[in-house]
Amino acid sequence: MKFFIRTPQQRAPRLGVLKDIDNRPNVEIETPLALLHTQGGHIPHVTHEVFKLVSKDPQILQIPLVSMHCFRETMTYYDGTISEFIGSTNSLSCLTLHDPSNLTKQGHHIRNKVPIWTKQGKVLYDPEMYMDIVESFKPDMYCLLSDGDTNMTSAQKRISKAVENTISLSRQCLERHKKSVQLKNTFVICPIAGGYCLNAREKCLKALLADQDELNGFLVDGLHNNGPEVEFLPFEEVRGVVEFTIKNIPPDKLCSMQGCWNPLNVLKLVQLGVDMFDTSYCRILTERSAALTFSMEEEEGSESYEINLRQSKYAYDFTSIMSSCQCLACAKYSRGYIHHLLTVQELLAPVLIMIHNIHHYLKFFKKIRECIENDTLSELEHLISDQYKSHQEKILSGKVDEEELQGFLNNMGDIEF
Amino acid sequence: MLVNRNPLLFDITSECKTTKARVGKMVLPHGVVDTPVFMPVGTQGTLKSMLPEQLDNMGLQIMLANTYHLGTNPGPEILKRAGGLHKFMNWDKPLLTDSGGFQMVSLLKLAEITEEGVKFQSLNEHKGEVMLTPEHSVEIQNAIGADIIMQLDDVITTTSPDYDRIKESVHRTTRWLDRCIEAHANPETQNVFSIVQGTLYEDLRRRSAADLVKRDVNGYAIGGLSGGESKDDFWKIVHLCTDLLPKGKPRYLMGVGFAIDLVVCSALGVDMFDCVFPTRTARFGCALTMTGQISLRKPEYAKDFAPIDKDCSCHTCRTYTRAFLHGIVSDLPVACTLLTEHNLAFQMRLMRGIRDSVREERFPEFVRKFMLDLHPDRDYPSWIRESLSAVNIDLL
């Protein structure tokens, strides 16, 4: 798999395409894109069979190692690729370390090992063990092992350590990669650590750019510890680091970021030149019973940025989540029905909400690409910004009714599945 | 919706020459159902974790919903305004609802049964006493709008030895049937089925059936079984009831859904079954196969790259290995969907096997092979030998 820039005249925002994929000569995937965030190889609540009812376009699944660790031994006996094993033969796969939708526990560092937090508890991965699993999974893309355990509040000592670890871990992985026959055509994403310290970022970049010929893309790592909080990270805080990192990576390489970034921040990051995100944001929305209803067209209008279907006002509402939406959940099911399913805790409720949210979020990325093409990205940003900000103000100023606020707070709490 | 003069047409298309098994087509307002049929249970207006689109693709023809649950949530008012359960849940094929009486007696220990109806402590916020009468049950079922609705019956624990109480329940069930028929608002689009009671007493079953047959309904259920009685008692009562009920109308055995029971009771002349077992057991990680059920939680499946059942053509078996399912089964909601889909496909395949073999006049061979696959050592339980021998099948 290779990455090509389609708009070389500008560094950002830009259009690109992933193509020349092994065994899939006709597949091209356009950037900016969202990887489909998965757990156990599936979009949370949505089977591959059901996802086909949402979209038939080729997709890249983001496969966090933490949710696949239980298959480590199994995969050494399995002949096929990870896409085949998880039942989505036609999808591409991107192996990452942590699950962006869950808060990653901090600390517990041991020399040359990275802790991941599986259902069974802490597991320490060193580069050898990690590359063994990469070779047995045979993903189409993967991130080198890194220490991304920094955030806005990290002390300088932790940041320096994270950079030191990331350089060492990535290099060891890359050494294995160079020798690996199976991974010859696999797309390599190199993590850049360093928290919010530009000097630390610079050090990490310098060290890892030495191997840039082997690298296809970069990951701006170490900005957060994943989970629902990322939705509320102020863009102004992350802007400097992202700008600096992008300025220093070769322009022909893919630039990716992980986490539950809200659509407004996605737009701002795209404008800095980020090419690849993921759909973990859809999961945290779905877990709090919220459906995205922001509009992407000026003339469309929208009642709200998102709606929480748990609210009793939807019990008698037999309209769809969003009247202008073409997704299966909107075409065939009503807010009232989904409200009923939520009230009685039925498994189909998050299935339907996730179908809509994923559909909406993928449509949003399609719109982003269109707007880059037409040079109308800032109009889109204004439109989304107005809707997002009035929604946030409503929540922060307490102008929402008690039920809405409670629903919001409660569901923030029980996000960990 | 199909508009017939009669909301249920039942046409027996093949009969087994050896046993009492028969194959039929039941035409209901929302579609055709091939019998014998297994009806999965979508208690709260959803078949757990499955989209109706998936069920339709699998060829499911009818499902069941529970009146007690739907009457509580979302309640008849919302269902009425939504235009009935079919529209509310996006399922345009036939539906059947129970009366709600069984749940009251089984879920609510405080239920008290009087001639008026079932009195119980409400589970909703008001905690008041609520009375479910035959009229009220039908009213809710009318709001739900299922193709087949069940009369409210006086349910007694199957293993109760109290003859007089059981006798009372038989008579009361008949009286309640009359009230249900009287209260029924949609006789052109919904069918009331009556329910034979009498637990394990043959004379009471005869009396119950005789009384019910005098009333004009389009189908009959055999109630009060599958409640902890011995299998020896169970099959004899089924055998008796199918003899007592009119041949030309569908017979529905309530609460039965284990594969072996479906095969035996189809041989005894039952046309319809329902049970939560296949879908419930799926959520606990159990997959059904022709040689019994397997628990995918077991470590032995961690390196098993075969599908659940190599002869099954469901989406789960075409797509996933046991090893993969083992890894997600107690972990992820999608595992429920995948195993539910397989278990439904299993039930449907079994029923298709029964229908096809009756049609092709090889049902006895089908039964013998089914039993031998399940008991390769021929250690058949005695009730299996006896029940099948009663309909002229001797096992291999």
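Notes on the structure in this doc start here.

Criteria and cut-off values
- Residues numbered from 1 in each chain as written.
- Chains lettered and ligands numbered in written order.
- Predicted model: local features only at pLDDT ≥ 70, side-chain atom pairs only at ≥ 80, totals over all residues.
- Heavy atoms only, no water.
- Pairing = 2+ DSSP bridges.
- Helix = DSSP H or I, 4+ residues; strand = E, 2+ residues; numbered from the N terminus.
- Axes fitted to C-alpha atoms, helices over the stretch in contact; angles between N-to-C directions.
- 1 Å grid on protein atoms, 1.4 Å probe; cavity = no way out; pocket = protein on both sides within 12 Å on 5 of 7 lines; lining within 4 Å.
- Points joined across faces, edges and corners; volume = space filled by probe spheres on them.
- Salt bridge = Lys/Arg side-chain N within 4 Å of Asp/Glu carboxyl O.
- Buried < 20%, exposed > 50% of the residue type's maximum accessible area, 1.4 Å probe, protein only.
- Phe/Tyr/Trp six-rings, centres within 6.5 Å; stacked < 30°, edge-to-face > 60°.
- Lys NZ or Arg CZ within 6 Å of the ring centre and 35° of its normal.

1. Thoughts on the sheet that holds strand β11 (residues 191-196) of chain B
Residue and element names in this part refer to chain B.
Okay, step 1: Read from one edge to the other, the open sheet built from eight strands follows the order β4-β14-β13-β12-β11-β10-β6-β5, with strand pairing classed as parallel. The open sheet terminates on both sides in strands that have one partner only, identified here as β4 (37-39) and β5 (63-65). If you compare each strand with its neighbour and ignore which way they point, the axes differ by 30° on average.
Okay, step 2: Across four bridges, the pairing between β11 and strand β12 (residues 219-222) is parallel. Counterpart to Phe 193 in the pairing with β12 is Gly 219.

2. Comments concerning empty space enclosed by the protein
Residues and elements named next belong to chain A.
Okay, step 1: As enumerated under the stated definition, the model contains four cavities of 30 Å³ or more in all.
Okay, step 2: A volume near 330 Å³ is recorded for the largest cavity.
Okay, step 3: In terms of lining, the largest cavity is formed by 26 residues, of which the most central are His 98, Ser 146, Gly 148, Asp 221 and Asn 226.
Okay, step 4: For the lining of the largest cavity, the secondary-structure elements that each account for two or more residues are β7 (114-118) and β11 (217-220).

3. Focus on the pattern of salt bridges
Residues and elements named next belong to chain B.
Okay, step 1: Applying the stated criterion across every chain, the model contains 50 salt bridges over all chains.
Okay, step 2: Lys 231 serves as the salt-bridge partner of Asp 261, at 2.7 Å between the closest nitrogen and oxygen. Of this pair, Asp 261 sits in helix α10 (residues 259-267) while Lys 231 sits in helix α9 (residues 231-244), and the two are 30 residues apart along the sequence.
Okay, step 3: For Asp 261, a relative accessible area of 3% corresponds to the buried category.
Okay, step 4: Since its relative accessible area comes to 29%, Lys 231 is described here as partly exposed.
Okay, step 5: One salt bridge in this structure joins Asp 373 and Lys 369, with 2.8 Å as the shortest N-O distance. Linking Asp 373 with Lys 369, this pair stays in helix α15 (residues 363-374), spanning four residues, or about one helical turn.
Okay, step 6: Of the residues examined, Asp 373 reaches a relative accessible area of 30% and is grouped as partly exposed.

4. Concerning the packing of aromatic side chains
Okay, step 1: Summed over all chains, the structure comprises 21 aromatic pairs over all chains.
Okay, step 2: Here the aromatic rings of A:Tyr78 and A:Phe85 are separated by 4.9 Å at their centres, their planes lie at 65°, and the arrangement is edge-to-face.
Okay, step 3: With a relative accessible area of 17%, A:Tyr78 lands in the buried category.
Okay, step 4: Ring centres of A:Phe364 and A:Phe365 lie 5.8 Å apart, and the angle between their planes is 80°; this geometry places the pair in the edge-to-face category. You'll find A:Phe364 and A:Phe365 in the same group, each marked buried.
Okay, step 5: Cluster of aromatic residues (ring-pair linked, three or more members): A:Phe277, A:Tyr281, A:Phe294, A:Tyr305, A:Tyr361, A:Phe364, A:Phe365 and A:Tyr388.
Okay, step 6: Its guanidinium or amino end placed over the ring of A:Phe4, A:Lys19 lies 5.1 Å from that ring's centre, counting from NZ or CZ.
Okay, step 7: Against the face of B:Phe234 rests B:Lys231, its NZ or CZ located 4.6 Å from the ring centre.

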